[in-house]
Amino acid sequence: MIRKIKIFILISAVAALLGCHSDNTGELPRLGLPQIINGDTIPHSIPDFAFMNQDSQWVSNETFSQAVYVADFFFTSCPTICPKLTRSMLRMHDHFEGREDVLFLSHTIDVRRDSIPRLKMYAENLGVSSDRWHFVTGDRDEIFDIAEDYMSIAIEDEDAPGGFDHSGWLILVDQNRHIRSYGDGTDDEAVDRLIKDMERLLRETSPSG
Amino acid sequence: MKMRTFFAAIVVLLGSVYVSSTSCNYYNPHAQGERLYLTHCAACHMDDGKGLRDLIPSLHESAFLTRENIHFTGCLIRYGIKRPDPLDPSQEIFPMPPLPDLSETEISNILNYIGNHFGNEAGYTNPVKLRETLSDCPNRAPRQY
């Protein structure tokens, strides 16, 4: 029940933020519910995490401290939106080919079935490697919880196809753990826009590149 | 006067070319098949039929969508594709899920759509042959392809 309420709040927050999005000048906004600490407004940031990737390497915030990254939530046996999400991630991955400061992070939400060898097989069948794209697994609740920090939804639901219900957002995060943009990974136009936002973010963070 | 008739004739000609071209585009013989494809298959094989690298096969110029094999592909749609799990051969997985609730007509419409799109030239399914094939599907799709 608490989770449901949290999710409702998250959805409302996302809906409220949709309004900020059309602004095309200046810096990209820092999205999410800000925190007020000692009277200062601190933008929402991704908390500490540590998950294991397809090559059994630990992946943490440190992995992304020099890079902007796109995060999503998926599972390998997902019969509904995942192939399209993955295709969109792949399109972004290929678009930024050769840029080591653009990384990708896909969290499985089916930690029971998506073992490391299964994630490895998935990545290989996609033709991508952990140089740029991490497929991670870890503690189930930690993954479900961090999904909320990415303004996403990941829950187990017997009635959903494949046993999980999840949102199809692709989330763009900067070097300082702030969410700077997001888009519906099943919508090609939203992904085009996300690529533009990524380019904008890269100009902002490294004006020469 | 002659000139006028000539121009009028050109205008009528262009007009009719235009009307026939738009009406030809408009006429879609596979409307239901396309709709069913978008509902049941496109999540994996994608709207453009191109699949996803080595995860999901492309349906373009597919060996399953030829005149010889098109009816058998009905079995794949109805019963899905079942395989031993490559990581644990004692288990079976469905890389492609079964769709037991689709009627023969619906299966046939899907086949006629994909069999004549994406560069395939399978022609049309034969209802009698489709029924025979569907009543005698191997319980597991063959692996040799």
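Everything numeric in this text was worked out from a predicted model, so none of it was measured. (Residues numbered from 1 in each chain as written. Chains lettered and ligands numbered in written order. Predicted model: local features only at pLDDT ≥ 70, side-chain atom pairs only at ≥ 80, totals over all residues. Heavy atoms only, no water.)

1. Looking at the state of the cysteines
A covalent bond between the sulfur atoms of two cysteines is referred to as a disulfide. Cut-off, in case you're wondering: The disulfide definition used here is simple: a pair of cysteine sulfur atoms within 2.5 Å. Working definition: with a 1.4 Å probe on protein chains only, accessible area under 20% of the residue-type maximum means buried, over 50% means exposed, and in between means partly exposed. Working definition: helices are DSSP H or I runs of at least four residues, strands are E runs of at least two. Numbering for both runs from the N terminus.
All told, the structure shown has two disulfides over all chains when counted by the stated rule. Each disulfide pairs two cysteine sulfurs, and for A:C78 the partner residue is A:C82, the sulfurs being separated by 2.3 Å. With the S-S dihedral at roughly 90°, the linkage between A:C78 and A:C82 falls on the right-handed side. With respect to burial, A:C78 and A:C82 carry one shared label: buried. In this model B:C75 forms its disulfide with B:C137; the gap between the sulfur atoms is 2.0 Å. Residues B:C75 and B:C137 are joined through a disulfide that is left-handed, its torsion about the S-S bond being -85°. Of the two residues, B:C75 sits in helix α4 (residues 70–79) while B:C137 sits in the segment after α6 (127–135), which places them 62 residues apart along the sequence. Classification of B:C137 as buried rests on a relative accessible area of 16%. For B:C41, which is in no disulfide, the shortest distance to another cysteine sulfur is to B:C44 and amounts to 8.8 Å. The thiol sulfur of B:C44 is not disulfide-bonded, and the nearest other cysteine sulfur, from A:C78, lies at 8.0 Å. The exposure class assigned to B:C44 is buried, which follows from its relative accessible area of 19%.

2. Focus: the pairing of strand β1 (residues 81–85) of chain B
Residue and element names in this part refer to chain B. Here is the rule we go by: Only strands joined by at least two bridges in the DSSP assignment are considered to pair.
In this structure, β1 lies alongside strand β2 (residues 88–96), joined through four bridges in antiparallel fashion. Across the sheet, residue R83 finds its bridge partner in β2, namely I93. What sits between β1 and β2 in their antiparallel hairpin is a turn of two residues.

3. Side note on a nonpolar patch on the surface
Residue and element names in this part refer to chain B. Let me state the cut-off plainly: Patch criteria: residues need more than 30% relative accessible area and no salt bridge. Like-charged residues are merged within 9 Å; nonpolar side chains of Val, Leu, Ile, Met, Phe, Trp and Tyr are merged within 5 Å. With residues, only the protein chains shown are counted as cover, and all accessible areas are computed by Shrake-Rupley using a 1.4 Å probe. For this analysis, a salt bridge means a side-chain nitrogen from Lys or Arg found within 4 Å of a carboxyl oxygen belonging to Asp or Glu.
Nonpolar side chains collect at one region of the surface, where M3, F6, F7, I10 and L14 lie side by side and expose about 530 Å² of accessible area between them. Summarising the element assignment, L14 is placed in helix α1 (residues 2–26). Residue class for L14 comes out exposed when judged on its relative accessible area of 56%.

4. Let's talk about the pairing of strand β6 (residues 102–108) of chain A
All names here are of chain A. Spelled out, the test is: If you view a crossover with the strands going away from you and the path from the first strand over the helix to the second runs clockwise, you call it right-handed.
Counted residue by residue, β6 has seven buried out of seven residues, so it is predominantly covered. Residues V102, F104, S106 and T108 line one face of β6 and the alternating positions L103, L105 and H107 line the opposite face, and both faces are buried. Sheet topology note: the strand β5 (residues 68–74)/β6 ladder contains seven bridges and is parallel. Bridge pairing links F73 to H107 in β6. With four bridges joining them, β6 and strand β7 (residues 133–136) adopt parallel strand pairing. Residue F104 lies in a different strand from β7, and its bridge partner there is W133. At this point the chain moves from β6, through helix α3 (residues 116–126), to the parallel β7, and the crossover so formed is right-handed.

5. Quick word on the confidence of the model for chain B
Residues and elements named next belong to chain B. Applied cut-off: pLDDT gives the predictor's per-residue confidence on a scale running from 0 to 100. Two residues form a contact once any of their heavy atoms are found within 4.5 Å.
Taken as a whole, chain B shows an average pLDDT of 87; of its residues, 85% reach a score of 70 or greater. Across chain B, helix α5 (residues 104–115) holds the top mean pLDDT of 97, while α1 sits lowest at 65. Contacts for the low-pLDDT stretch residues 141–145, under 50 throughout, to residues beyond four places or in other chains number eight contacts. Here the predicted complex carries an ipTM of 0.80, next to a pTM of 0.84.

6. Points about the side chain of A:S181
Mapped onto the elements, A:S181 comes out in strand β11 (residues 179–184). Owing to a relative accessible area of 0%, A:S181 belongs among the buried residues under this scheme.

7. Some words on the interface of chain A and chain B
The condition is simple: Buried area is calculated as the accessible area (1.4 Å probe) missing from two parts once they are joined, with the contributions of both summed. Within 3.5 Å is the distance limit for a polar contact, defined as a pair of N or O atoms, with the added protein rule that one can donate a hydrogen and the other accept it, and that residues adjacent in sequence qualify only through two side-chain atoms.
On the side of chain B, 14 residues touch chain A, which itself brings 15 residues to the contact. Across the chain A to chain B interface the summed buried area is about 1300 Å²; carbon plus sulfur atoms make up 64%. Ranking the residues of chain A by area buried against chain B places A:K84, A:R87 and A:N125 at the top, with a combined share of 36%. The interface formed by chain A and chain B holds four salt bridges in total. With a shortest N-O distance of 3.4 Å, A:R87 and B:D48 are connected by a salt bridge. Across the contact surface, chain A and chain B share six residue pairs in polar contact (both at pLDDT 80 or more). Within the residue set of the side of chain A that touches chain B, elements represented by two or more residues are α2 (82–95) and α3 of chain A.

8. Comments concerning the sheet that holds β11(A)
The strands making up a sheet associate through hydrogen bonds between their backbones, and the pairing can be parallel or antiparallel. All names here are of chain A. Using the following cut-off: For helices, the fitted axis covers only the stretch in contact; all axes are lines through C-alpha atoms, and the angles between them, taken along N-to-C directions, range from 0 to 180 degrees.
In space, the five strands of this open sheet follow the order β7-β6-β5-β10-β11, with mixed pairing throughout. The sheet is open, and its two edges are formed by β7 and β11, each paired on a single side. Between one strand and the next, the sheet's axes are offset by a mean angle of 20°, whatever the strand orientation. Here three bridges tie β5 to strand β10 (residues 169–173), and the two strands are oriented antiparallel to one another. By the bridge assignment for β10, V70 is matched with L172.

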